[in-house]
Number of protein chains: 2
Amino acid sequence: VAGHGDRVTAPGGGAEPLAAEVITVGNEILSGRTVDTNFAFLAHLLEENGARVAQHQTVGDTVEAIGAAVQQALSRARLIVLTGGLGPTPDDLTRKALAQSLNRPLSLDPRILERLRERWEQRGGRATMPANNEQQALVPRGAEPLENPVGSAPGLQIEVDGATIFVLPGVPIEMETMSRATIAPWVRARAAGAVEHVTVRTVGIWESVLAERLTDLAGHLPGHSIAFLPSIGSVDVRVTLPGVAADVAAARARVRALLLERVGSYVYGEGDATLEGVIGTLLLERGQWLAVAESCTGGLVCGRITAVPGSSTWFERGVVCYSNASKTALAGVPAELIERHGAVSEPVARALARGIAERAGTAVGIGVTGIAGPAGGTSDKPVGTVHVAAFAPDGEAHRLLRLSGSRAIIRERSTIAALDCLRRLLLGLGESAKPD
Amino acid sequence: VAGHGDRVTAPGGGAEPLAAEVITVGNEILSGRTVDTNFAFLAHLLEENGARVAQHQTVGDTVEAIGAAVQQALSRARLIVLTGGLGPTPDDLTRKALAQSLNRPLSLDPRILERLRERWEQRGGRATMPANNEQQALVPRGAEPLENPVGSAPGLQIEVDGATIFVLPGVPIEMETMSRATIAPWVRARAAGAVEHVTVRTVGIWESVLAERLTDLAGHLPGHSIAFLPSIGSVDVRVTLPGVAADVAAARARVRALLLERVGSYVYGEGDATLEGVIGTLLLERGQWLAVAESCTGGLVCGRITAVPGSSTWFERGVVCYSNASKTALAGVPAELIERHGAVSEPVARALARGIAERAGTAVGIGVTGIAGPAGGTSDKPVGTVHVAAFAPDGEAHRLLRLSGSRAIIRERSTIAALDCLRRLLLGLGESAKPD
């Protein structure tokens, strides 16, 4: 729920970025059967090249719905990108809808037909192309066919009263290849200038607290806009730079410095950095190895760590010690410690982190124990009570979490908190502000 | 371009299903930064309960865009579901847009404010809630607040001239929980008739082979339609029953029997069954415990198993033995076996499954070893070479996978194959047909 797009200004002028509208065609999207990943790809591509998506519509496979969506888009945008409905089946109605809606009769393009036949024969199998496929060679009057190097359906580019409509197949690989080849350069040539962002990723601080601490940032950074993008357990802060192409690097450095000054210890990285990737880099720099002993997170801490390519050069082992016996056998947690404090307790979390490092012969360890629910809670230790701990040559760290939500949410938040607990220990930072 | 939604008829009549429209609010969606998975979830939920999504709009975080989208939806649909823009920051404008667009002034609901304050205090930390959060208690006149059991922002239900608008937060877990609790029963009560499906879940068989084996199903099941819904590592087969409310149970049984006859050994469950849940049920019935030793899947097998509530009554421990030393120390794999065959080999996978069961004192074990990439492959054992093995009193099972795709895909497919290897062993089924 950001708001950056609206306030963006172009370099050297006050021009708004080129406004675009995207139309997705397909019953399989409308029924929820297929997730529309094409849209996010297109929006990103448009933005990277200096346009801005102002609206997105998804419509079903009917001539009326497609036609109405195109008319509505024409009333709002100068660039329209439509995907889907170009295939060979009777459900593929985009060409027909455009012809009717724009009053541009269809005719068979002999060059496209020839290419379709060649393609069919190359693929082997049946000698003659099914008649259905011929409809892919139909083109509305005045439309320019766009080559499809990875599939059969060609795209279309249509100029309508000062607006441009690009029509691309819905198959993701075809849409991606063709939009990179056609739409990206078209936008770059016309857009006032690409939009520049700085995105820093934070963990361990609430979105509202973050917003409060950064509330007067606008005063220090005139023309910038700021957006908060929360996900489970972390919040990204995205600052959109004003259109100052001249010194982007200096502008980025200024934003970065201000954010680090205000909320530095909560910032774990920039762009698409991950918590586990940052920990890996720290450990590699220090030449230290990591081992993990986790109970309620049940493998998720290890799963995130081993998602990092090359993690086998700094992650030695992990144990998912669900039973008390396995906590003792695998991480050397004394049975009497468990008996005295309970398996879900600070001493056991600390013993897991220290014990697994000792057993594995690593310098660094993580321990997690808690109650993810839905059962197993008591009035003393309700569901959501989780202890995370980290052990390193630098010392030890521990945090008690009191989480709410589903089993999945509690496990995911605990995983992130455990990784952040280690990050803060390795960087010599204090306790996190967020109570969870 | 599936089109199955169109062919659905209501039981006992020809009434069209209730037409719905969905509006997604958020610049983060429009910019392509976030993929809108909420929409597919909602479309699916609406369809399962007897409604049909006729249109979907995505708009940015501006009062004007949200208001215009709501007006347009009101001109077309009787049920409108709007997600996003209910958070605590100044960018969250959905409440304000609804108030303006519908001419329903906002007022502070003291009950919601009270709940927000309670929630804030329960979380501990700061004594007073930031003022920003108060806006979440604003409600347009005549709107009914909807409880949010997993987050702070309440939803809204607004009746407007015979149409109903549901407004839900954009955070997926909150949207999902709330739509199941409010929209699903609302639609069921009003739809001409819910569409009845039988969904069976398969694993270990290609979608195209599945389709081939079920190709003449239509002849045996007149009026039914069949859809294949693939996801990574598994394919759901969804059969839509014709509108025969009278003997739904008999129709379901007939479909089930036919599917089991054709592809029985690949069917692991129905509806929202999971592979790990099915394994848990089998182990509980047998009174046996499970232990896991995984290398390249790095915790994902354990993570899926421990996602099952109550898995602590049948899962004893797991080890993520990334180093060779840890394979020997934690699962008793002889060092000379690793030296002779390599860590990624059938003997080591079998030794991991057997060894971890012996060490843990469980009847059943799983072992996984492989090369997830991107580095580490050789011409002999390229990236994607994975051995999965299972051990049980029934005997042993092993499968060699030759996977392609990203590190994440290889890890996920391996995880599913390891679980399925154990499922087939416990059920006395033979090898899977799928070469992977």
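Residues numbered from 1 in each chain as written. Chains lettered and ligands numbered in written order. Predicted model: local features only at pLDDT ≥ 70, side-chain atom pairs only at ≥ 80, totals over all residues. Heavy atoms only, no water.

1. Topic: the overall build of chain A
Right, on to step 1. A count of helical and extended segments in chain A gives 16 helices and 17 strands.
Right, on to step 2. Compactness check: chain A gives a C-alpha radius of gyration of 28 Å against a globular reference of 22 Å for 436 residues, more than 25% above the reference.
Right, on to step 3. Along the longest, intermediate and shortest principal axes, the C-alpha atoms of chain A span 85 × 60 × 45 Å.
Right, on to step 4. When burial is assessed residue by residue, chain A has 58% of its 436 residues classed as buried.
Right, on to step 5. Long-range contacts, defined here as pairs at least 24 residues apart, represent 67% of the contacts in chain A between residues at least 6 apart.
Right, on to step 6. Summed over all atoms, the accessible surface of chain A reaches about 16600 Å², with 53% contributed by carbon and sulfur.
Right, on to step 7. Side-chain charges in chain A split into 42 positive and 46 negative, and the spacing between the mean points of these groups amounts to 2 Å. (Helix = DSSP H or I, 4+ residues; strand = E, 2+ residues; numbered from the N terminus. Rg over C-alpha atoms; globule rule 2.2 N^0.38 Å. Buried < 20%, exposed > 50% of the residue type's maximum accessible area, 1.4 Å probe, protein only. Contact = heavy atoms within 4.5 Å. Areas by Shrake-Rupley, 256 points an atom, 1.4 Å probe, with all protein chains shown as cover. Lys, Arg positive; Asp, Glu negative; His and termini not counted. Charge placed at Lys NZ, Arg CZ, Asp CG, Glu CD.)

2. Regarding the sheet that holds strand 1 (residues 18–25) of chain A
Right, on to step 1. Ordered in space as 6(A)-7(A)-8(A)-3(A)-1(A)-2(A)-2(B)-1(B)-3(B)-8(B)-7(B)-6(B), the twelve strands form an open sheet in which the pairing is mixed. Of all strands in the sheet, those with a lone pairing partner are strand 6 (144–146) of chain A together with strand 6 (144–146) of chain B, marking the two edges. Each strand axis lies, on average, 20° off the axis of its neighbour in the sheet, ignoring direction.
Right, on to step 2. Pairing analysis gives eight bridges linking strand 1 of chain A to strand 2 (residues 51–59) of chain A, with the strands arranged parallel. Residue A:Val22 lies in a different strand from strand 2 of chain A, and its bridge partner there is A:His56.
Right, on to step 3. Taken strand by strand, helix 5 (residues 94–102) of chain A contacts strand 1, strand 3 (79–83), strand 7 (155–160) and strand 8 (163–168) of chain A, and its axis lies near 10° from that of strand 7 of chain A. (Pairing = 2+ DSSP bridges. Axes fitted to C-alpha atoms, helices over the stretch in contact; angles between N-to-C directions.)

3. Describing the packing of aromatic side chains
Right, on to step 1. The final tally for this structure, using the stated rule, is five aromatic pairs over all chains.
Right, on to step 2. Taking the centre distance of 5.5 Å and the plane angle of 70° together, the rings of A:Tyr322 and B:Phe315 count as edge-to-face. One end of the pair, A:Tyr322, is in the loop between strand 14 (315–320) and helix 13 (324–331); the other, B:Phe315, is in strand 14 (residues 315–321), on a second chain. In this structure, A:Tyr322 and B:Phe315 share a single accessibility class: buried.
Right, on to step 3. Ring centres of B:Phe166 and B:Trp186 lie 5.6 Å apart, and the angle between their planes is 80°; on these two criteria the pair is classed as edge-to-face. Here the residue B:Phe166 occupies a position in strand 8 (residues 163–168), and B:Trp186 occupies one in helix 6 (residues 172–190), the gap between them amounting to 20 residues. (Phe/Tyr/Trp six-rings, centres within 6.5 Å; stacked < 30°, edge-to-face > 60°.)

4. So, the environment of A:Ala251
Right, on to step 1. The residue A:Ala251 is located in helix 10 (residues 248–263) in this model.
Right, on to step 2. Sequence separation of A:Ala251 and A:Glu196 is 55 residues, and the distance between their C-alpha atoms is 9.7 Å.

5. What about the confidence of the model for chain A?
Residue and element names in this part refer to chain A.
Right, on to step 1. With 92% of its residues at a pLDDT of 70 or more, chain A shows a mean pLDDT of 88.
Right, on to step 2. Contacts from residues 1–14, a stretch scored under 50 in pLDDT, to residues over four places away or in other chains number 48 contacts.
Right, on to step 3. Interface scoring of the predicted complex returns ipTM 0.76; its pTM is 0.75. (pLDDT = per-residue confidence, 0-100.)

6. A word on the environment of B:Arg402
Residues and elements named next belong to chain B.
Right, on to step 1. Its location among the elements puts arginine 402 in strand 17 (residues 395–402).
Right, on to step 2. Take arginine 402: its relative accessible area is 56%, and that puts it in the exposed class.
Right, on to step 3. It is 9.7 Å that separates the C-alpha atoms of arginine 402 and glycine 370, two residues lying 32 residues apart in sequence.

7. Quick word on helix 9 (residues 248–263) of chain B
Three or four residues apart is the spacing at which side chains of an α-helix point the same way, because the helix has 3.6 residues per turn.
All names here are of chain B.
Right, on to step 1. Between its first and last C-alpha, helix 9 extends 22 Å over 16 residues, near the 22 Å set by a 1.5 Å rise per residue.
Right, on to step 2. Regarding helix 9, the residues found buried are Val248, Ala251, Val255, Leu258, Leu259, Arg262 and Val263. An end-on view of helix 9 places all buried positions within 100° of arc, on one side of the element. Relative to its buried face, helix 9 has exposed residues pointing more than 90 degrees away, namely Ala249 and Glu261.
Right, on to step 3. Contacts from the buried residues of helix 9 go to strand 9 (197–203), helix 7 (207–213), helix 8 (217–220), strand 11 (234–240) and strand 12 (267–270). (Expected span 1.5 Å × (residues − 1). Arc of directions from axis to C-beta.)

8. A look at the pairing of strand 17 (residues 395–402) of chain A
Residues and elements named next belong to chain A.
Right, on to step 1. Where strand 16 (residues 385–392) meets strand 17, eight bridges bridge the pair, whose relative direction is antiparallel. Bridge assignment links alanine 392 to a residue of strand 17, and that residue is glycine 395.
Right, on to step 2. Here strand 16 folds back onto strand 17, and the loop between the two strands holds two residues.

9. Re the sheet that holds strand 9 (residues 197–203) of chain A
All names here are of chain A.
Right, on to step 1. On the basis of which strands lie adjacent, the open sheet formed by four strands has the order 10-11-9-12 and antiparallel pairing. Whereas interior strands pair on both sides, the edge strands pair on one side only; in this sheet they are strand 10 (225–231) and strand 12 (267–270). Geometrically, the sheet is characterised by an average inter-axis angle of 25° between neighbouring strands, direction not taken into account.
Right, on to step 2. Here strand 10 runs beside strand 11 (residues 234–240); their pairing, made up of seven bridges, is antiparallel.

10. Some points on the packing of helix 11 (residues 275–286) of chain A against helix 16 (residues 407–426) of chain A
Angle between the axes and distance between the axes are the two parameters that describe a pair of packed helices.
Residues and elements named next belong to chain A.
Right, on to step 1. Axis separation between helix 11 and helix 16 bottoms out at 10 Å; the angle between their running directions is 35°. Here the hand of the crossing between helix 11 and helix 16 comes out left-handed. On helix 16, the residues touching Leu275, Glu276, Ile279, Leu282, Leu283 and Arg286 of helix 11 are Ile416, Leu419, Asp420, Leu422, Arg423 and Leu426.
Right, on to step 2. Grouping the amino acids of the contact of helix 11 with helix 16 by side-chain chemistry returns eight nonpolar, no polar and four charged. (Left-handed = near helix turned anticlockwise from the far one by under 90°. Nonpolar A, V, L, I, M, F, W, Y, C, P; charged D, E, K, R; others polar.)

11. With respect to the interface of chain B and chain A
Right, on to step 1. At the interface, 77 residues of chain B touch 80 residues of chain A.
Right, on to step 2. On the surface where chain B and chain A come into contact, there are zero salt bridges.
Right, on to step 3. Here chain B is connected to chain A by 22 residue pairs in polar contact (both at pLDDT 80 or more).
Right, on to step 4. In terms of residue class, the side of chain B that touches chain A is made up of 30 nonpolar, 31 polar and 16 charged.
Right, on to step 5. Taken together, the four bridges between strand 14 of chain A and strand 14 of chain B define a ladder with antiparallel strand orientation. Within strand 14 of chain B, the position partnered with A:Val320 by the bridge is B:Gly318. (Salt bridge = Lys/Arg side-chain N within 4 Å of Asp/Glu carboxyl O. Polar contact = N/O pair within 3.5 Å; in protein donor to acceptor, adjacent residues only side chain to side chain.)

12. A short note on unusual backbone geometry
Right, on to step 1. A cis amide bond links A:Gly373 to the next residue, A:Pro374, at an omega of 0°.
Right, on to step 2. Of note in the backbone geometry, B:Asn103 takes a positive phi value of approximately 55° without being a glycine.
Right, on to step 3. With respect to the helices and strands, the residue B:Asn103 is situated in the loop between helix 4 (94–102) and strand 4 (106–108).
Right, on to step 4. A positive phi angle is found at B:Asp161, which is not glycine, with a value near 50°.
Right, on to step 5. Secondary-structure assignment places B:Asp161 in the loop between strand 7 (155–160) and strand 8.
Right, on to step 6. For B:Asp161, a relative accessible area of 73% corresponds to the exposed category.

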